[in-house]
Amino acid sequence: MGVKLGILGLGTVGTGTVQLLQDAVGRHPLLQEIEIYRVGVRSPNKSRDVQLQPEVITTDLESIVNDPAVDIVVEVMGGLEPARSLILQAINNGKHVVTANKAAIARFGAEIFTAANQAGVYVMLEAAVGGGIPVIQPLKQALSVNRLHTVTGIVNGTTNYILTRMQTEGSDFGDVLADAQRLGYAEADPTADVDGLDAGDKIAILASLAFDGRINLEDVYCEGIRQVSKTDIAYAEKLGFVIKLLAIAKNQAQDATKLSVRVHPTFVPKTHPLASINGVYNAILVEGEPIGQVMFFGPGAGAGATASAVTSDILSLVAALKSNTTAPNPLLTCRHEEYSQVAPISDLLTRFYARFLTKDQAGVIGQLGTCFGNHGVSIESIVQTGFQGELVEIVVVTHDVREGEFRQALAEIQNLPAIDSIPSILRVL
Ligand SMILES: NC(=O)C1=CN([C@@H]2O[C@H](COP(=O)(O)OP(=O)(O)OC[C@H]3O[C@@H](n4cnc5c(N)ncnc54)[C@H](OP(=O)(O)O)[C@@H]3O)[C@@H](O)[C@H]2O)C=CC1
Ligand SMILES: N[C@@H](CC=O)C(=O)O
Ligand code: NA
């Protein structure tokens, strides 16, 4: 046997990876040169869906990353600590690392990649974004000859599943979430998914690769889907849109030295390539020059799909280990060390959808128009669509506007005596 793996974690992804490696025939022949040498778990007596010799399994994960015989450490345990420390220890011991851990990479990527560059080892993370979809490697290699200007993704399957069901069934968020939890599509604690934090970690990673600069996670604006209502989904449908949780990284139109990196529910035109991505699927649209648009679509999670990504990284490392050179391969290393400048959300230039509940009085639409006009907000359409009890529902879609100015207009509108409430504000792609 050639290359020895130390795998940290034997849960969904670890088990899928072991299954794939134990069933190597008919796949890339290099897989047959890999030995599953040690596997670290928390509960050694748990029953497992894979068979491993008892001496392979250990609860002492440090002994794996410190074992001189281990060539590659595969971190599929998740969480921040001890995952971060174990990855750093493996790197400092000269081992290459494969990780699926977007949370750790989005927070500690600078520390991890600096250490990896100093140690002359590679840290591979294909599974961290889009699960089984190859997107990290294309950004680092095939697409890196392009000048990219926008990455737009549906990178969280849980929220896409919830929004798809809300759209097809006309159901409320809370009901669909509860059902998704019952069916195992959403976690018992859905916070990271539903509040956009998981997608925030992922777009920070994609932005760092697409725009060649580290991203400070605190600069990523994250808004989840809890406030999306079935009323807004119905309005989106009437106006020719669907609502998707988009993760977007883009050159700022008005200042190309800064990026806009954000996650929020978005009105997406039905004709847009991402509008038809439904259920638990993920898709990432990459735009640049000269390539134009490229879209990656597929399963963003699950044992087999994620194992495919983890194992493809292992394969790249096996190939690197087999080559006779000690010089780092620039297509596998992390080549950026500076931070990208990220603009505040108030600088974003975007269209908005806003839904107002107002008293049934003459001139309300005129007052709304005046407030918007005072702040330079140009209205694309305004419709008074119906009643909710005694109140009138008015829906506005704006032209592109700086978010800061739009918010100022809303603050003024909120103080109008005729305004009861502003139940929804969503950005429009
Ligand atoms: N599940 C998916 O579809 C996807 C997951 N990922 C990422 O992959 C990683 C793993 O996810 P997943 O497989 O779902 O996680 P699981 O919870 O299913 O598995 C985690 C594994 O790590 C072990 N483990 C966790 N903490 C420790 C510890 N402190 N000491 C020893 N062992 C530990 C667990 O041991 P034990 O079995 O004994 O409890 C378990 O085997 C995460 O970073 C996740 O974000 C990425 C894409 C998709
Ligand atoms: N929780 C994630 C799965 C892993 O990345 C999702 O819902 O997409
Ligand atoms: Na991927």
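Residues numbered from 1 in each chain as written. Chains lettered and ligands numbered in written order. Predicted model: local features only at pLDDT ≥ 70, side-chain atom pairs only at ≥ 80, totals over all residues. Heavy atoms only, no water.

**A closer look at the coordination of the sodium ion (ligand 3)**
Move 1: In the first shell of the sodium ion (ligand 3), the protein supplies E126 (O), E126 (OE), V129 (O), G131 (O) and I133 (O), at 2.3 to 2.7 Å from the metal.
Move 2: In primary-sequence terms, the residues that donate to the sodium ion (ligand 3) follow E-x2-V-x1-G-x1-I.
Move 3: Classification of E126 as buried rests on a relative accessible area of 4%. (Donors = N, O, S within 2.8 Å, 3.2 Å for Na, K, Ca; no water. Buried < 20%, exposed > 50% of the residue type's maximum accessible area, 1.4 Å probe, protein only.)

**Observations concerning the site of ligand 1**
Move 1: Every one of the 22 residues lining ligand 1 counts as a neighbour, but L10, S43, K46, R48 and G302 are closest to it.
Move 2: The separation between an oxygen atom of ligand 1 and a polar main-chain atom of S43 is 2.6 Å.
Move 3: Coverage of ligand 1 by the protein chains reaches 78% of its 900 Å² of free accessible surface.
Move 4: Residue composition of the shell around ligand 1, grouped by class: ten nonpolar, eight polar and four charged. (Near = heavy atom within 4 Å. Polar contact = N/O pair within 3.5 Å; in protein donor to acceptor, adjacent residues only side chain to side chain. Areas by Shrake-Rupley, 256 points an atom, 1.4 Å probe, with all protein chains shown as cover. Nonpolar A, V, L, I, M, F, W, Y, C, P; charged D, E, K, R; others polar.)

**So, the nonpolar core**
Move 1: Formed by 77 residues in total, the largest nonpolar core has its most connected members in I91, L139, I162, I203, L206 and V261.
Move 2: Take this core: its biggest share by element is eight residues, from helix α9 (residues 197–210).
Move 3: If we skip the residues at most four places from it in the chain, I203 touches V151, V220, A247, I248, A249, V261, R262 and V263.
Move 4: Of all hydrophobic cores here, the second largest spans 33 residues; its members include I34, V98, A100 and L332. (Core = buried A, V, L, I, M, F, W, Y, C linked by side-chain atoms within 4.5 Å. Helix = DSSP H or I, 4+ residues; strand = E, 2+ residues; numbered from the N terminus. Contact = heavy atoms within 4.5 Å.)

**Things to note about the UniProt feature "binding site: NADPH" (unreviewed entry) in the protein**
Move 1: Per the UniProt record, "binding site: NADPH" (unreviewed entry) is annotated on K102.
Move 2: Of note, K102 is situated in helix α4 (residues 102–119). (UniProt positions renumbered as here; feature names shortened; annotations may be inferred.)

**Looking at the domain arrangement of the protein**
How large an interface is tends to be reported as the accessible area lost when its parts come together.
Move 1: The domains assigned to the protein are domain 1 (3–132 + 303–337), domain 2 (136–299) and domain 3 (346–428).
Move 2: With 19 residues of domain 2 in contact, the opposing surface of domain 3 contributes 15 residues.
Move 3: Here domain 2 and domain 3 share an interface that buries about 1400 Å² over both sides, 58% of which is from carbon and sulfur atoms.
Move 4: Summed over the shared surface of domain 2 and domain 3, the number is two salt bridges.
Move 5: Between R427 and E223 there is a salt bridge whose closest N-O contact spans 3.0 Å. (Domains from an automatic or database assignment. Buried area = accessible area lost by both parts, 1.4 Å probe. Salt bridge = Lys/Arg side-chain N within 4 Å of Asp/Glu carboxyl O.)

**Describing the pairing of strand β15 (residues 379–388)**
Move 1: Where β15 lies against strand β16 (residues 391–398), eight bridges are found, and the strand directions are antiparallel. Considered in β16, the bridge of G386 is made with E393.
Move 2: Where β15 folds back on β16, the antiparallel hairpin that results is connected by two residues, among which G389 adopts a positive phi of roughly 65°. (Pairing = 2+ DSSP bridges.)

**As for unusual backbone geometry**
Move 1: Cis peptide bonds are those with omega within 30 degrees of zero, and the linkage from E81 to P82 qualifies with 10°.
Move 2: Locating P82 in the fold gives a position in the loop between β4 (72–75) and α3 (83–92).
Move 3: Going from E289 to P290, the amide bond is cis rather than trans, its omega being 10°.
Move 4: In the Ramachandran plot, D212 falls in the positive-phi region, its phi being about 60° despite a non-glycine side chain.
Move 5: For D212, the position within the fold is in the loop between α9 and β8 (221–222).

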